[in-house]
Amino acid sequence: MAIFDWRASRRNFLATSGLFSSWAGFLPRRLFGASSTARPRAKKPSSIYERLGVRTRINAKGTYTYLTGSLLPPEVAEAMTDAAQHYVLIEELQRAVGAKISSLLGVEAACVTSGAAGALTLGTAACVTGSDPEKIKRLPETAGMKNEVIIQKAHRYGFDHAVRNVGVRLVEVETEDDLERAINEKTAMMHFLNEAQNQGKIGLEKWVEVGKRRGIPTFNDAAADVPPVSHLSDYNKMGFDLVCFSGGKGLRGPQCSGLLLGRKDLIDAALLNNNPNEDTIGRPMKVGKEEIAGLYVALERYLKVDHEAEWKAWEKQLDLMDKEVTSVPGIHTGRFVPEVANHVPHLYFQWDETALGLTKAECVKQLEEGEPSVVCLGDDYPYGLSVTPFMMKPGEEKIVALRLKQVFIEAQKKRAAG
Ligand SMILES: *Cc1c(COP(=O)(O)O)cnc(C)c1O
């Protein structure tokens, strides 16, 4: 069996592909191998991650917390630096930012939390304790309080732990009948997972209608569900009493920030359960002045973005990747947009895995372990290997396309060499 000389063939491929001259400036030097040290180093290395010996990644996957969510636009980073230079009363800052956010979005009230998960805990606590200081102190001990939260079976998820933190018991329902029967004097809240809106038997509107009729506050977790921008107020307008979003996903705010939007009395109660109040369930979910200011500016920015132009730019980035990668014989592509959460254009790749001797999982692994490291969607996704430009930096689509081509061409050569 012939030994495949990866480096030689890589140089070959780069030299013969038309991409070489036009893309060279975008590529980190290491992509070209040791022989090309004279090439300009276009990508500024990160001094902090280099010092720490932590690899940076190209994010072709979307907003994922384990991948650190999103990158801060410069104006957000500036707002955080500015906020860090002055003392303020954190409660005054929360109130001021909350008022501005609620008027920007046309919702009754708002506060900034440590994330969507923090918002889930604070919002649930608000429904359980109201403004009662004794109850606030006792959490997560809830004996004698309203301490049941109703949720559809299909809406159970990892983040319902953030609801359970409050000391409530989740009551699972499937049908409307189940729901009507489950509501009792102990029901504190009805929780809904926006992303699962088509999985459960009870839809958004019905959930709200029952909540209103039976006098139970409803909560919609829409953490990862911008774009579209309208979602930021859609669910409050629909009648949900509380809605949360991650600050560090589509909004591109600080990683440790989130939005809790909704009824004024519940937002007030959420704040009573929150930092800086020490004897509270929310004290460990501190959100600092830097994050509060940063999320506010991120939201202002997001509302001004030309979302249509942004969408078109994403399509163009996909066009480029599509064209380059399908120049490899046997590689086919398709497009899709997830209905909710990471609702942005995606491109998937397909090929005869047996014929090429390369599975999608192996391809994902090679992209991730290669240099630079490219993180894609994999087998846990409906179409297997897929990419989205949602969280890429401009120009990275070229690197991603090139790496995909390299992996496919290497597999073909290996196969040919048998
Ligand atoms: C990401 C996510 C969360 C948690 O958001 P953080 O801002 O990281 O706390 C909660 N719920 C859903 C559905 C999410 O996607």
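Preceding this paragraph is the structure being described.
On a predicted model such as this, the values are computed, not experimentally measured, just so you know. (Residues numbered from 1 in each chain as written. Predicted model: local features only at pLDDT ≥ 70, side-chain atom pairs only at ≥ 80, totals over all residues. Heavy atoms only, no water.)

J.: Could you give an account of the site of the ligand, with specific residues and numbers?
T.: Ala116, Ala117, Asp221, Ser246 and Lys249 are the nearest of the 13 residues found near the ligand. Within the contact set of the ligand, an oxygen atom lies 2.9 Å away from a backbone nitrogen or oxygen of alanine 117. In the environment of the ligand, an oxygen atom lies 2.7 Å from a nitrogen or oxygen atom belonging to the side chain of serine 246. Protein burial of the ligand: of its 380 Å² of free accessible surface, 86% is covered by the chains. Split by residue class, the shell around the ligand holds 7 nonpolar, 3 polar and 3 charged. (Near = heavy atom within 4 Å. Polar contact = N/O pair within 3.5 Å; in protein donor to acceptor, adjacent residues only side chain to side chain. Areas by Shrake-Rupley, 256 points an atom, 1.4 Å probe, with all protein chains shown as cover. Nonpolar A, V, L, I, M, F, W, Y, C, P; charged D, E, K, R; others polar.)

J.: Can you break down the state of the cysteines residue by residue, with the values?
T.: The full count for this structure, using the stated rule, is 0 disulfides. Left unpaired, cysteine 376 is separated from the closest cysteine sulfur, that of cysteine 363, by 7.2 Å. Relative accessible area serves as the criterion here: at 2%, cysteine 376 is assigned to the buried category. (Disulfide = S-S within 2.5 Å. Buried < 20%, exposed > 50% of the residue type's maximum accessible area, 1.4 Å probe, protein only.)

J.: Summarise the sheet that holds strand E12 (residues 386-387); cite the residues concerned and give the values.
T.: Strand order in this open sheet of 3 strands is E9-E10-E12, and the pairing throughout is antiparallel. Since the sheet does not close on itself, it has two edges, and those belong to strand E9 (332-336) and E12, each with one partner. Here 2 bridges tie strand E10 (residues 346-350) to E12, and the two strands are oriented antiparallel to one another. Across the sheet, leucine 347 pairs through a bridge with valine 387, a residue of E12. (Pairing = 2+ DSSP bridges. Helix = DSSP H or I, 4+ residues; strand = E, 2+ residues; numbered from the N terminus.)

J.: Any chance you could break down the pairing of strand E5 (residues 187-193) for me, citing the residues and the numbers?
T.: The buried count for E5 comes to 7 of 7 residues, which makes it a mostly enclosed element. Here 4 bridges tie strand E3 (residues 148-152) to E5, and the two strands are oriented parallel to one another. Along E5, the bridge assignment pairs isoleucine 150 with methionine 190. With 4 bridges connecting them, E5 and strand E6 (residues 218-221) associate as parallel partners. Its bridge partner being in E6, methionine 190 is matched across the sheet by threonine 218. Taken together, E5, helix H10 (residues 204-214) and E6 constitute a β-α-β crossover, and its handedness is right-handed. (Right-handed = clockwise from strand over helix to strand, strands pointing away.)

J.: Let's hear about the packing of helix H14 (residues 307-325) against helix H17 (residues 396-417): which residues, and what values?
T.: In contact at an axis separation of 9 Å, H14 and H17 are set at 20° when each is read in the N-to-C sense. The orientation of H14 with respect to H17, classified from their angle, is roughly parallel. Considering how the two elements wind past one another, H14 and H17 form a crossing that is right-handed. Where H14 approaches H17, its residues Gln317, Leu320, Met321, Glu324 and Val325 are matched on the opposing element by Glu397, Lys398, Val400, Ala401, Leu404, Lys405 and Phe408. Of the residues that constitute the contact of H14 with H17, the class distribution is 7 nonpolar, 1 polar and 4 charged. (Axes fitted to C-alpha atoms, helices over the stretch in contact; angles between N-to-C directions. Parallel < 35°, antiparallel > 145°, perpendicular 65-115°, else oblique. Left-handed = near helix turned anticlockwise from the far one by under 90°. Contact = heavy atoms within 4.5 Å.)

J.: I'd love a proper account of a negative patch on the surface, names of residues and values included.
T.: On the surface, Asp352, Glu353, Asp379 and Asp380 cluster together into a patch of negative charge. Relative to the assigned elements, glutamate 353 resides in helix H15 (residues 353-356). (Patch = residues over 30% accessible without salt bridge, like charges linked within 9 Å, V, L, I, M, F, W, Y side chains within 5 Å. Salt bridge = Lys/Arg side-chain N within 4 Å of Asp/Glu carboxyl O. Lys, Arg positive; Asp, Glu negative; His and termini not counted. Charge placed at Lys NZ, Arg CZ, Asp CG, Glu CD.)

J.: Before we move on, could you go through the packing of aromatic side chains and cite the residues and values that matter?
T.: Using the criterion set out here, one finds 11 aromatic pairs in the structure. With a centroid separation of 4.2 Å and 10° between ring planes, the pair formed by tyrosine 348 and tyrosine 383 is classed as stacked. Taken together, the positions of tyrosine 348 in strand E10 and tyrosine 383 in the loop between strand E11 (373-375) and E12 put the pair 35 residues apart, joining distant regions of the chain. Since its relative accessible area comes to 14%, tyrosine 348 is described here as buried. A relative accessible area of 32% means that tyrosine 383 is categorised as partly exposed. (Phe/Tyr/Trp six-rings, centres within 6.5 Å; stacked < 30°, edge-to-face > 60°.)

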